[in-house]
Amino acid sequence: MSQSPSPMQAARLTIASIARLYSQGERIAMLTAYDYPTARTLDDAGIPMLLVGDSLGQVMLGYDTTVRVTMTEMLHHTKAVVRGARRALVVTDMPFLSYGVTPEASLENAGQLMSEGGAGAIKLEGGERSARTIETIVRAGIPVMGHVGLTPQSIHQLGHRVQGKTVEAGRQVIADALAVQQAGAFAIVLELVPEQLAAAITERLHIPTIGIGAGAGCSGQVQVITDLLGMSAEFTPKHARHYAELHSIIKSAAEAYEADVISGNFPGPAESSRMDEATLSEILAQTPSARLEMVEASRGIPLDRDL
Ligand code: KIV
């Protein structure tokens with residue numbers, strides 16, 4: 001039985017909604033989200049697409065690369081984001097080696113992220129090399145977002161640098177993007193690609209390009225939420241812009257809280273509750289040993305002196 005949304009609840013966006021934004025020439029904003037409260041807040045802000053990126057490995061779980069992220073971790077975070085986002089299309093990353101080994105395993109893992117995780121689409125990395133996998137998954141009815149240019153799961157092959165700057169490499173990025181489109185993807189992430197090349201690819205495709213470090217000529221942009229919010233004191237990629245400084249805001253709040261606990265200023269009357277004084281007197285009228293006996297007796301445990 002299909003469930004129609006209540007009048008108060010906005011319908012969840014689908015890849016058709018994204019195609020509509022694209023055909024209307026609207027630039028599409030996408031952000032990563034990894035947890036319930038952030039998804040809820042970004043949804044309230046009207047962000048149409050949330051990506052449960054495998055970047056969660058680095059920014060949420062403290063791994064050094066995305067290669068360490070597992071299906072179990074992706075499922076756990078996808079479920080939380082889906083619960084938080086009432087309207088946004090939730091796209092989730094297929095982690096390293098969960099696809100591209102055999103078509104059967106790729107399909108099974110993509111299916112699990114949709115049916116158990118609740119995602120509305122999956123994303124996977126790779127151009128020509130992933131085209132067959134994308135085709136298999138799309139044919140099964142699962143919407144796929146591609147990802148070419150810098151593909152972080154290939155960090156051990158590519159390093160972390162701008163892709164497509166030579167004639168050969170640039171042609172390869174174009175061929176990759178076309179292969180992903182041909183395979184049936186509904187959109188494609190272009191990561192760390194020179195802006196002129198990204199704009200040329202965007203012109204040649206009839207699906208939206210979502211850029212990260214790929215200039216303003218893409219159909220939309222995606223950013224890692226912790227970069228956007230300034231949550232890391234250590235590193236901000238060149239392509240990111242801080243729209244808030246949460247690291248210093250959270251740090252100041254934690255310092256103020258600690259100072260209040262140490263000084264006895266927290267909790268105050270507003271954060272505490274009181275009870276009836278007469279009841280308290282009655283409770284306290286009993287000696288500590290009498291109270292202990294009552295507790296032991298209520299559990300039916302014999303006291304030492306009865307043994
Ligand atoms: O995992 C991620 O956050 C991503 C974005 C960088 C596009 O794939």
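Undergrad: I'd like a description of the site of the ligand, backed by residues and values.
TA: Around the ligand, the surrounding shell holds 13 residues, and the nearest of these are Gly-53, Asp-54, Ser-55, Asp-93 and Lys-123. In the model, an oxygen atom of the ligand is placed 3.1 Å from a nitrogen or oxygen of the Asp-54 side chain. Within the side chain of Ser-55, an N or O atom sits 2.5 Å from an oxygen atom of the ligand. Of the residues in the shell around the ligand, the class split is five nonpolar, four polar and four charged.

Undergrad: Give a detailed account of the pairing of strand β5 (residues 144–149), specifying residues and quantitative values.
TA: With six of six residues buried, β5 is to be regarded as a mostly interior element. Residues Val-144, Gly-146 and Val-148 of β5 are buried on one face, and the alternating residues Met-145, His-147 and Gly-149, pointing to the opposite face, are buried as well. Of the pairings in the sheet, the one linking strand β4 (residues 121–123) to β5 comprises two bridges and is parallel in character. When the sheet's bridge partners are listed, Lys-123 is paired in β5 with Met-145. Tracing the backbone out of β4, into helix α6 (residues 131–139) and back to the parallel element β5 gives a crossover that is right-handed. Across five bridges, β5 lies against strand β6 (residues 187–191) in parallel orientation.

Undergrad: Account for the nonpolar core, naming residues and giving values.
TA: Residues Leu-50, Met-94, Ile-122, Leu-124 and Ile-137 are the most contacted members of the largest nonpolar core, which totals 51 residues. Apart from the residues lying within four places of it in its own chain, the contact partners of Ile-137 are Met-94, Ser-106, Leu-107, Ala-110, Ile-122, Leu-124, Ile-142 and Val-144. Counting 17 residues, the second-largest nonpolar core is a separate cluster that includes Leu-21, Ile-28, Met-49 and Val-91.

Undergrad: If you had to explain the packing of helix α4 (residues 71–84) against helix α5 (residues 103–115) to someone new, which residues and values would you point to?
TA: Two numbers describe how α4 lies on α5: the axes approach to 9 Å, and their chain directions differ by 25 degrees. With respect to their mutual orientation, α4 and α5 come out roughly parallel. Note on packing geometry: the crossing formed by α4 with α5 is right-handed. Across from Met-71, Met-74, Leu-75 and Thr-78 in α4, the residues of α5 making contact are Asn-109, Gln-112 and Leu-113.

Undergrad: Before we move on, could you go through the environment of Ala-88 and cite the residues and values that matter?
TA: Within the fold, Ala-88 resides in the loop between α4 and β3 (89–93). For the pair Ala-88 and Ala-11, spaced 77 residues apart in sequence, the C-alpha to C-alpha distance is 9.0 Å.

Undergrad: So, the packing of α6 against helix α8 (residues 167–183): which residues are in play, and what are the values?
TA: The N-to-C vectors of α6 and α8 enclose an angle of 20 degrees; their axes lie 8 Å apart at closest approach. In this view, α6 runs roughly parallel relative to α8, as classed from their interaxial angle. Between α6 and α8 the crossing geometry is right-handed. Mapping the contact onto sequence places Ala-131, Ile-134, Glu-135 and Val-138 in α6 and Ala-179, Val-180 and Ala-183 in α8. Along the lines of polarity and charge, the residues of the contact of α6 with α8 split into six nonpolar, no polar and one charged.

Undergrad: How would you explain the packing of aromatic side chains if you had to name every residue and give the values?
TA: In this structure the tally under the stated criterion is one aromatic pair. Residues Tyr-257 and Phe-266 carry aromatic rings whose centres are separated by 5.7 Å and whose planes lie at 65 degrees to one another, so their mutual orientation is edge-to-face. Residue class for Tyr-257 comes out exposed when judged on its relative accessible area of 51%. Residue classification places Phe-266 among the partly exposed residues on the basis of a relative accessible area of 35%. Cation over ring: Arg-68 sits above Tyr-63, and NZ or CZ is 4.7 Å from the ring centre.

Undergrad: Could you give me a rundown of the sheet that holds strand β2 (residues 49–52), with the residues and numbers involved?
TA: The strand order around the closed barrel formed by eight strands is β1-β2-β3-β4-β5-β6-β7-β8, and the pairing between neighbours is parallel. In this sheet, adjacent strand axes meet at a mean angle of 25 degrees when their direction is disregarded. Alignment of β3 against β4, held across three bridges, turns out to be parallel. Across the sheet, the residue bridging to Thr-92 is Ile-122, located in β4. Sheet contacts for helix α1 (residues 15–23): β1 (28–32), β2 and β3; angle to β1, the most-contacted strand, approximately 135 degrees.

What counts and what doesn't
- Residues numbered from 1 in each chain as written.
- Predicted model: local features only at pLDDT ≥ 70, side-chain atom pairs only at ≥ 80, totals over all residues.
- Heavy atoms only, no water.
- Near = heavy atom within 4 Å.
- Polar contact = N/O pair within 3.5 Å; in protein donor to acceptor, adjacent residues only side chain to side chain.
- Nonpolar A, V, L, I, M, F, W, Y, C, P; charged D, E, K, R; others polar.
- Buried < 20%, exposed > 50% of the residue type's maximum accessible area, 1.4 Å probe, protein only.
- Helix = DSSP H or I, 4+ residues; strand = E, 2+ residues; numbered from the N terminus.
- Pairing = 2+ DSSP bridges.
- Right-handed = clockwise from strand over helix to strand, strands pointing away.
- Core = buried A, V, L, I, M, F, W, Y, C linked by side-chain atoms within 4.5 Å.
- Contact = heavy atoms within 4.5 Å.
- Axes fitted to C-alpha atoms, helices over the stretch in contact; angles between N-to-C directions.
- Parallel < 35°, antiparallel > 145°, perpendicular 65-115°, else oblique.
- Left-handed = near helix turned anticlockwise from the far one by under 90°.
- Phe/Tyr/Trp six-rings, centres within 6.5 Å; stacked < 30°, edge-to-face > 60°.
- Lys NZ or Arg CZ within 6 Å of the ring centre and 35° of its normal.

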